Amino acid sequence: MCRNIRTLHNFEPHATSDEVEAAALQYVRKISGSTKPSKANEEAFAEAVHEIAHITQHLLDSLVSHGPAKNRDEEAAKARARAAVRFGTA
């Protein structure tokens, strides 16, 4: 589940609210142990995602980086190349 959580700090362009929300959703899924909550837990699940997304955005806004921002497309290409080597699809 958590393999989908990506580094969001120090990228250009900055992480979107959708990316922050997706990371929060993956985190809550991992912690709760379910990909979809029951009706009884739906509200708590949604509230947790919202709160974690909010605090994650606050963290990202507060972090300071001394290195240059990474290019999102270049980093994605590097990850695809590593995966190709790792899984033999190169």
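Scroll up a little and you will see the structure.
Residues numbered from 1 in each chain as written. Predicted model: local features only at pLDDT ≥ 70, side-chain atom pairs only at ≥ 80, totals over all residues. Heavy atoms only, no water.

**Things to note about the pattern of salt bridges**
- Going through the model one piece at a time under the given rule, you end up with two salt bridges.
- The partner of Glu19 in a salt bridge is Arg72, with the nearest N and O atoms 3.2 Å apart. Of this pair, Glu19 sits in helix 1 (residues 17–32) while Arg72 sits in helix 3 (residues 72–87), placing them 53 residues apart in sequence.
- Where Lys78 meets Glu75, a salt bridge forms, and the shortest distance between an N and an O atom there is 3.2 Å. Residue Lys78 and its partner Glu75 are both found in helix 3; the two are separated by three residues, about one turn of the helix.
- Glu75 sits in the partly exposed class, given a relative accessible area of 23%. (Salt bridge = Lys/Arg side-chain N within 4 Å of Asp/Glu carboxyl O. Helix = DSSP H or I, 4+ residues; strand = E, 2+ residues; numbered from the N terminus. Buried < 20%, exposed > 50% of the residue type's maximum accessible area, 1.4 Å probe, protein only.)

**Details of the layout of surface pockets**
- Quantified by volume, the largest pocket comes out at close to 450 Å³.
- In terms of lining, the largest pocket is formed by 16 residues, of which the most central are Arg6, Thr7, Phe11, Glu75 and Ala79.
- Broken down by element, the lining of the largest pocket gets its largest block of residues, six residues, from helix 3.
- Here the lining of the largest pocket is built from residues that sort into six nonpolar, three polar and seven charged.
- In this structure, the second largest pocket occupies an estimated 210 Å³ of space.
- Looking at the second largest pocket, it is lined by 13 residues, and the ones nearest its centre are Leu8, His9, Asn10, His14 and Leu60.
- Elements with a minimum of two residues in the lining of the second largest pocket: strand 1 (11–12) and helix 2 (42–62).
- Here the residues of the lining of the second largest pocket sort into six nonpolar, five polar and two charged. (1 Å grid on protein atoms, 1.4 Å probe; cavity = no way out; pocket = protein on both sides within 12 Å on 5 of 7 lines; lining within 4 Å. Points joined across faces, edges and corners; volume = space filled by probe spheres on them. Nonpolar A, V, L, I, M, F, W, Y, C, P; charged D, E, K, R; others polar.)

**Describing a nonpolar patch on the surface**
- Taken together, the side chains of Ile5, Tyr27 and Ile31 present a nonpolar region at the surface, about 290 Å² in accessible area.
- Overall, the relative accessible area of 32% leaves Ile5 in the partly exposed class. (Patch = residues over 30% accessible without salt bridge, like charges linked within 9 Å, V, L, I, M, F, W, Y side chains within 5 Å. Areas by Shrake-Rupley, 256 points an atom, 1.4 Å probe, with all protein chains shown as cover.)

**Remarks on the nonpolar core**
- Ranked by size, the top nonpolar core spans 10 residues in total: Leu8, Ala15, Val20, Ala23, Ala24, Val28, Phe45, Val49, Ala53 and Leu60.
- Among residues more than four places away in sequence, those in contact with Ala23 are Ile5 and Leu8. (Core = buried A, V, L, I, M, F, W, Y, C linked by side-chain atoms within 4.5 Å. Contact = heavy atoms within 4.5 Å.)

**Focus: unusual backbone geometry**
- Along the chain, Glu12 connects to Pro13 via a cis peptide bond; the corresponding omega equals 0 degrees.
- Along the chain, the position of Pro13 falls in the loop between strand 1 and helix 1.
- With a phi angle near 65 degrees, Asn10 is a residue other than glycine that sits in the positive phi range.
- Structurally, Asn10 can be placed in the segment before strand 1.

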